[in-house]
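Chain residues, written in single-letter form:
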Amino acid sequence: MNARKEPKCMSPARDVGTLVPESQPGSPISPLPSPSASLNGHYLGKTAQIVAACRATETGKPADAGKLHDPWAINFAGVAGMEILETIRKFSPGTAAALEGYVVERTLFLDGVLNETLAQPDMRQVVVAAVGGDARPYRIAFPQGTVLYEMDLPEVLRYRFTVFGRTQAKAACDLRSLGVDLSQDTWHHELMTAGFDPSKPSVWIVEGLLMYLTTNQCGRLIAKIGSLCQPGSLICGDLFTEEFVTYSQTKHVHNIWHDCGASRPDYYIEEPQMWFSKFDFGAHLKKCKDLGAGWGVEEKVNGVDFDVSLMEDSDQSPRPLFFKATKQAT
């Protein structure tokens, strides 16, 4: 990822495109035609579109079957994102099941942490790193006075503004958007300029990011976040371990993921609790459970697909981790 000089604070356009009515869980919805701002050819943006397609698929299930309701996801995914996910599903149902299960479980975990944290009366600063197609500013019922800072590469934000502008989505918080490169060490200046107050507690969502950064970049990022956090502030997100990244089924999924034009999430963190403690964070970890039928059944890997039958998966198999890390007093 390369640093770019862009406007420091960006605001969504609200006057473009066709309106999309608010949908109910399970209602049939289709993506709008591709907006004028495009992520075609941008591997990080394409990753965000496929992830949004996973959330859109869950949203489109019948109300009594779906676990997640994100009516904006399908428009961020666009036709391109939905078609890529369908291609994955046809070629490798197990890969699609693993991706969809992981994305939905991760979303629900982070929603729960965020809602629990916002119940604290002094927690009114939220920072979303690498926001991608995250619709939380529009679908979470934020307490009055909440300021949410969303950060991502400028080209991703431009696409995001176009999508959410076309649907006339209204943020349920004071939303401030920052076009920054989180792999660089200067993003915090933009955050401070936008009004972030490090003397007040905050909650940070680091979703689908650490596995795309080197160990050194991850360390610099968490160290910088820690320097901006009061004791009791919290980071939540997901990470991979070496055991998961080198697992045969993970390699299979990542190969297909990469073949579709998305970036390979091949970086990992060993001994995460000890790693977070180096930055004065106490971390609680949760193992992802829903990776689809067939995950963890090693003998089912045949180089094409692993979801050839509905077999009980193994809880002992390597899996991604969700984390909730609280800043400790020093």
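To be clear, the structure that these remarks concern was listed above.
The numbers attached to residues start from 1 for each chain and follow its sequence in the written order. Local features are withheld for residues below a pLDDT of 70 in this predicted model, meaning they are given only at 70 or higher, and side-chain atom pairs are given and counted only at 80 or more; totals for whole chains, interfaces and linings count all residues. Just so you know, side-chain values use all the structure's heavy atoms and leave hydrogens and water out.

Caption draft 1: The arrangement of the packing of helix α2 (residues 73–91) against helix α3 (residues 93–118) in detail. Axis lines are fitted to C-alpha atoms, over the contacting stretch for helices. Their N-to-C directions set the angle, which ranges from 0 to 180 degrees. To qualify as a helix, a DSSP run of H or I must reach at least 4 residues; to qualify as a strand, a run of E must reach at least 2; elements of each kind are numbered from the N terminus. Two elements in contact, α2 and α3, have axes whose closest approach is 5 Å; the angle formed by their N-to-C orientations is 130°. Between α2 and α3, the crossing angle belongs to the class labelled oblique. Residue-level contacts link L85, I88, R89, K90 and F91 of α2 to P93, T95, A96, L99 and E100 of α3. What sets the label is the angle itself: under 35 degrees gives roughly parallel, over 145 gives roughly antiparallel, 65 to 115 gives roughly perpendicular, and the rest give oblique. Contacts are assigned to residue pairs with any non-hydrogen atoms lying within 4.5 Å of each other.

Caption draft 2: Examining the pattern of salt bridges more closely. Any carboxyl oxygen of Asp or Glu within 4 Å of a side-chain nitrogen of Lys or Arg constitutes a salt bridge here. For the coordinates displayed, the defined rule picks out 17 salt bridges. D111 is the salt-bridge partner of R136, the closest N and O atoms lying 2.7 Å from each other. Remark: D111 occurs in helix α3 and R136 occurs in helix α4 (residues 136–139); sequence separation between them is 25 residues. For each residue, the accessible area found with a 1.4 Å probe, counting protein chains only, is set against the maximum for its type, and the residue is called buried under 20%, exposed over 50%, and partly exposed in between. Owing to a relative accessible area of 8%, D111 belongs among the buried residues under this scheme. The salt bridge partner of E207 is R136, with a shortest N-O separation of 2.8 Å. A residue pair is termed long-range when its members are at least 10 positions apart, and E207 in the loop between β4 (203–206) and α7 (215–227) and R136 in helix α4 qualify at 71 residues. Among the residues examined, E207 registers a relative accessible area of 11% and is labelled buried. For R136, a relative accessible area of 1% gives the class buried.

Caption draft 3: The arrangement of the packing of aromatic side chains in detail. Two aromatic rings from Phe, Tyr or Trp, using only the six-membered ring of Trp, form a pair when their centres are within 6.5 Å; if the ring planes differ by under 30 degrees the pair is stacked, by over 60 it is edge-to-face, and anything between is tilted. Applying the stated criterion across every chain yields a total of 13 aromatic pairs. With 6.1 Å between their ring centres and 75° between their planes, W187 and W204 make a pair best called edge-to-face. Of this pair, W187 sits in helix α6 (residues 187–193) while W204 sits in strand β4; the two residues are 17 residues apart in sequence, bridging distant segments of the chain. Centre to centre, the rings of W275 and F279 are 5.1 Å apart; their planes meet at 70°, and the pair counts as edge-to-face. Like W275, the residue F279 is buried in the burial classification. Counting every residue linked through ring pairs, the aromatic cluster contains Y102, F109, F240, F244 and F322. Here, over-ring charges are defined by two tests on the NZ atom of lysine or the CZ atom of arginine: distance to the ring centre within 6 Å, and angle to the ring normal within 35 degrees. In this structure, K327 packs its charged tip against the face of F281, placed 5.4 Å from the ring centre.

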